[in-house]
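# Close look at the chain arrangement
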Amino acid sequence: MLNSFKNGWLILASIHRLFFKHPVLVLPIIFCWLIYAYTIIYFRFKFDWAHYSNDQNYLIVFMIILFFSTIISISNLVVLELIQQIESGKPTSIIKSISDSFTQNFIRAFPIILTWAILWFIIAVIEAFTSGKKRSNEKDSNAEELNTKNMAIELANVQEFSFSLLMFNAIKKGFRMMAFTMFPAIAWEDDSTMNAVKKGFVIVKNRWAEFATGFVLTSTLNRLIFFPVSLFLAFAKDEKNIPDQVWTYLLFYIALGWSYSIYLEMLFTAELYLWDMNWRKACKSAESEGRKMPEFHEVKRPSIMDDTNDMKNIIIKNWNTKTPDKE
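Here we summarise the structure given alongside this text.

### Digging into helix 9 (residues 244-288)
Counted at 1.5 Å a residue, the expected span for helix 9 with its 45 residues is 66 Å, and the 66 Å between its end C-alpha atoms agrees. Trailing helix 9 by a residue or two, Gly290 shows a phi angle of about 70°, which is positive.

### Some remarks on the nonpolar core
It is characteristic of soluble globular proteins that their nonpolar side chains tend to be buried jointly. Formed by 87 residues in total, the largest nonpolar core has its most connected members in Leu25, Ile72, Phe183, Trp188, Ile254, Trp258 and Tyr263. With 21 residues, the single largest contributor to this core is helix 9.

### Quick notes on unusual backbone geometry
For Asn157, which is not glycine, the phi dihedral falls at a positive 50°. Although it is not a glycine, Asp190 sits at a positive phi angle of roughly 55°. Position of Asp190 among the secondary structure elements: in the loop between helix 6 (163-189) and helix 7 (193-206). Overall, Asp190 belongs to the partly exposed group, its relative accessible area being 45%.

### Here we look at a nonpolar patch on the surface
Nonpolar side chains collect at one region of the surface, where Leu114, Ile118, Leu119, Ile122 and Ile126 lie side by side and expose about 350 Å² of accessible area between them. When its relative accessible area of 39% is taken as the criterion, Ile126 is described as partly exposed.

### Some points on the side chain of Ser73
Mapping Ser73 onto the fold places it in helix 3 (residues 54-87). In terms of polar contacts, Ser73 uses its side chain to reach the backbone carbonyl oxygen of Ser69, at 2.6 Å. Setting aside residues no more than four positions away along its own chain, Ser73 makes contact with Ile113, Trp116 and Phe183.

### Description of the pattern of salt bridges
Pairs may arise between side chains of opposite charge once their charged atoms sit close together. As enumerated under the stated definition, the model contains eleven salt bridges in all. Put simply, Asp100 and Lys96 hold a salt bridge, and the shortest N to O gap is 2.7 Å. Here the residue Asp100 and the residue Lys96 both occupy positions in helix 4 (residues 94-136), the gap between them amounting to four residues, near one helical turn. Residue classification places Asp100 among the buried positions, given a relative accessible area of 9%. One network of salt bridges, with partners in common, ties together Glu189, Asp191, Lys199, Arg207, Asp276 and Arg280.

Definitions and limits used
Residues numbered from 1 in each chain as written. Predicted model: local features only at pLDDT ≥ 70, side-chain atom pairs only at ≥ 80, totals over all residues. Heavy atoms only, no water. Helix = DSSP H or I, 4+ residues; strand = E, 2+ residues; numbered from the N terminus. Expected span 1.5 Å × (residues − 1). Core = buried A, V, L, I, M, F, W, Y, C linked by side-chain atoms within 4.5 Å. Buried < 20%, exposed > 50% of the residue type's maximum accessible area, 1.4 Å probe, protein only. Patch = residues over 30% accessible without salt bridge, like charges linked within 9 Å, V, L, I, M, F, W, Y side chains within 5 Å. Areas by Shrake-Rupley, 256 points an atom, 1.4 Å probe, with all protein chains shown as cover. Salt bridge = Lys/Arg side-chain N within 4 Å of Asp/Glu carboxyl O. Polar contact = N/O pair within 3.5 Å; in protein donor to acceptor, adjacent residues only side chain to side chain. Contact = heavy atoms within 4.5 Å.

Right under this line is the structure:
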């Protein structure tokens, strides 16, 4: 158990250093945030919700969530393609990564994206019903004006702490990281949707302690990243003379903070999957040679940080999901 938590910590620690060695990996996520932010601002300040019925509004909300899950997933697939280029010793090309993500991966990934969107929508509806009354009492006419301040407040999405909010955020994050764990099978091993889903579940089941460590640590870092935003918004609540330039800086910080938080989740699940691939190869070798199956922590952890082209050596096609699941 201790080794499992240590494994999760080692993965996350290497990801922070990777950010500075291969900054190209965060570019698709920043671009994703720009689309995400524009969509939120448009539907928050420009879209006339009153023009549609309640049923139509629910459908629109679902389509927005499906759009969000799609652009986040595409950015993840692009990042995975970039990692494959790095780990295969090839020059990195965002254009090729985008092309491969759409032409080779997206169709197989879409059922996972759709399922994630449905689950996200269900949680969002439940959350809206449980907190709707409280929010309706907090409406402010000044908050309806489209300006830099309100854009920053909306995109920061800082809410008063509650255990229900913590629970809903944890469930949504769990669904997201679960999807991220499935995508490498599609991007790296050219697997079908069903096989990718099976692999994702098997890896989370077998590596639950590592997965949980990454979940908790990335959640904690996310809170630390957005803590200054919460402090500033609390201070600015009664301040009327804060320059627009300050709110612009806050928007820039929110963009980087959101992108980095998603980056941590994507890279953590990618490295965990890569390590599991290495373990599977070691198990296959041990089985063929009649040796004892190695434990997970005994197998070398592939690192995107080093200059070793790990992916050339450990890609395992047509993986049988019944591979021994006990270390």
